Amino acid sequence: MKQKVLFVAHMLRGHVLVFHLPYMKWFQEQGYEVHLCSCNDTEKPVTEVPYCDRFFDLPFQRSPFGRQNLQVYREIKKLVDREDYALIHCHTPVGGMVGRLAARGARKRGTRVLYTAHGFHFFTGAPLRNWLLFYPAEWFLARFTDLLITINREDEARARRFPARRVARTNGIGVDLSRFEPPADRAAVRAELGIGPDAPMVICVGEHSARKNHETVLRACAGEKVVQVFFSGVGEREDSLRELAAELGMAERTHFLGFRPDVPALLQASDVFLFPSLQEGLPMAQMEAMAAGLPCLVSNVRGNADLIGPMDGGMLRAPMDAEGFAQDLHFLLEHPEVRREMGERNRRVIRDYSLNAVLEQMAALYREELEAKG
């Protein structure tokens with residue numbers, strides 16, 4: 001009979017389908033039966049998930065205090081008590097909370113319980129309420145964790161103070177570098193976007209939310225009258241961003257592309273990646289920009305600063321420092337050789353964050369935990 005593993009994550013479309021399929025596939029290739037507990041947040045019924053032998057659609061709620069999460073806990077506990085999993089890997093704050101609590105008894109029977117923190121809610125500069133709520137919760141839940149995996153240096157340092165059996169850091173969830181080969185036809189992409197081959201092009205990728213701080217992108221670019229600004233993403237703040245672009249007199253050169261499946265091509269057609277987010281774990285958007293060979297002007301926050309340094313692949317500023325970002329942007333536009341050097345550095349560095357590299361890291365951790373189980 002095959003041994004079984006369980007993945008637990010809050011959202012199917014928003015997390016599992018984006019991040020976890022390569023790792024579920026790895027387990028199937030090793031001969032394991034893979035189960036998944038998640039909430040179907042797609043727009044249609046889902047009966048099958050790639051690389052998943054059994055999918056349990058459970059009504060996770062985003063808030064840890066959501067009443068339905070108690071029902072989810074009970075369902076997962078019954079499942080865990082019945083199935084005798086060799087390993088359970090939890091993701092997302094709610095998935096990590098419910099999954100680890102439900103697996104307490106299974107750990108006593110030898111099941112290994114892993115949790116990947118994709119970015120703690122308590123971070124340098126976080127609101128006090130985040131520290132009061134989430135820090136004690138994560139410290140408590142670490143008691144029921146055999147391996148706590150972090151993806152940036154700041155979180156790793158904090159996690160090592162927790163009572164988890166073991167703490168490790170990986171290079172994120174992996175960038176699929178094959179999406180950047182062969183290189184996109186820069187001129188063709190720009191023609192499709194309606195700009196010339198030599199027009200300075202700044203791009204920002206991510207949802208239009210308060211956390212991504214796209215207002216600072218607009219303010220930083222306002223003074224560069226020839227710069228074309230492109231946003232790839234959707235979100236609730238798009239209308240207010242359009243209004244701000246109009247106020248700044250840059251509506252005609254600000255482009256909202258919505259959701260785009262061709263982000264690698266858009267990045268390869270751009271000149272500078274501008275990303276002043278207020279907080280990150282280890283940002284996929286920035287890693288993809290690096291894979292495209294772009295210099296990165298990013299906020300000096302956890303995750304972003306793990307990937308580049310000042311004049312080392314890009315530049316770092318406080319998230320709200322629009323004037324500082326504007327100065328850095330002007331410098332890069334005036335010095336194409338610096339942009340090229342930064343881009344080449346970023347292509348080299350990002351190899352260590354590739355999907356293949358991270359999969360090797362995770363495979364080693366999985367093997368160590370399964371061998372410890374005996």
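Residues numbered from 1 in each chain as written. Predicted model: local features only at pLDDT ≥ 70, side-chain atom pairs only at ≥ 80, totals over all residues. Heavy atoms only, no water.

### Some details on the overall build of the protein
Item 1. Across its full length, the protein holds 15 helices and 14 strands.
Item 2. Relative to the 2.2 N^0.38 estimate, which gives 21 Å for 374 residues, the radius of gyration of the protein is 22 Å and therefore close to what a compact globule would have.
Item 3. Dimensions of the protein, computed from C-alpha atoms along their principal axes, come out at roughly 65 × 45 × 40 Å.
Item 4. For the protein, the proportion of its 374 residues judged to be buried stands at 57%.
Item 5. Put simply, of all contacts in the protein between residues at least 6 apart along the chain, 68% involve residues at least 24 apart.
Item 6. For the protein, the accessible area works out to roughly 16800 Å², and carbon and sulfur atoms hold 51% of it. (Helix = DSSP H or I, 4+ residues; strand = E, 2+ residues; numbered from the N terminus. Rg over C-alpha atoms; globule rule 2.2 N^0.38 Å. Buried < 20%, exposed > 50% of the residue type's maximum accessible area, 1.4 Å probe, protein only. Contact = heavy atoms within 4.5 Å. Areas by Shrake-Rupley, 256 points an atom, 1.4 Å probe, with all protein chains shown as cover.)

### Details of the nonpolar core
Item 1. The biggest cluster of nonpolar side chains holds 58 residues, and the ones touching the most others in it are I203, C221, L267, F273, L274 and L297.
Item 2. Core analysis: the next-biggest nonpolar cluster, separate from the first, contains 35 residues, I76, V80, V113 and A142 among them. (Core = buried A, V, L, I, M, F, W, Y, C linked by side-chain atoms within 4.5 Å.)

### A look at the pairing of strand β6 (residues 147-150)
Item 1. On β6, burial covers both faces: L147 and I149 on one face and L148 and T150 on the other are all buried.
Item 2. With four bridges joining them, strand β5 (residues 112-117) and β6 adopt parallel strand pairing. Note on β6: the bridge partner recorded for T116 is I149.
Item 3. Handedness of the β5-helix α5 (residues 128-141)-β6 crossover: right-handed.
Item 4. Both β6 and strand β7 (residues 167-169) contribute to a ladder of three bridges, which runs parallel. Each residue of the ladder has a partner; that of I149, found in β7, is A168.
Item 5. Chirality of the crossover, the property in question, places the unit of β6, helix α6 (residues 153-159) and β7 among those that are right-handed. (Pairing = 2+ DSSP bridges. Right-handed = clockwise from strand over helix to strand, strands pointing away.)

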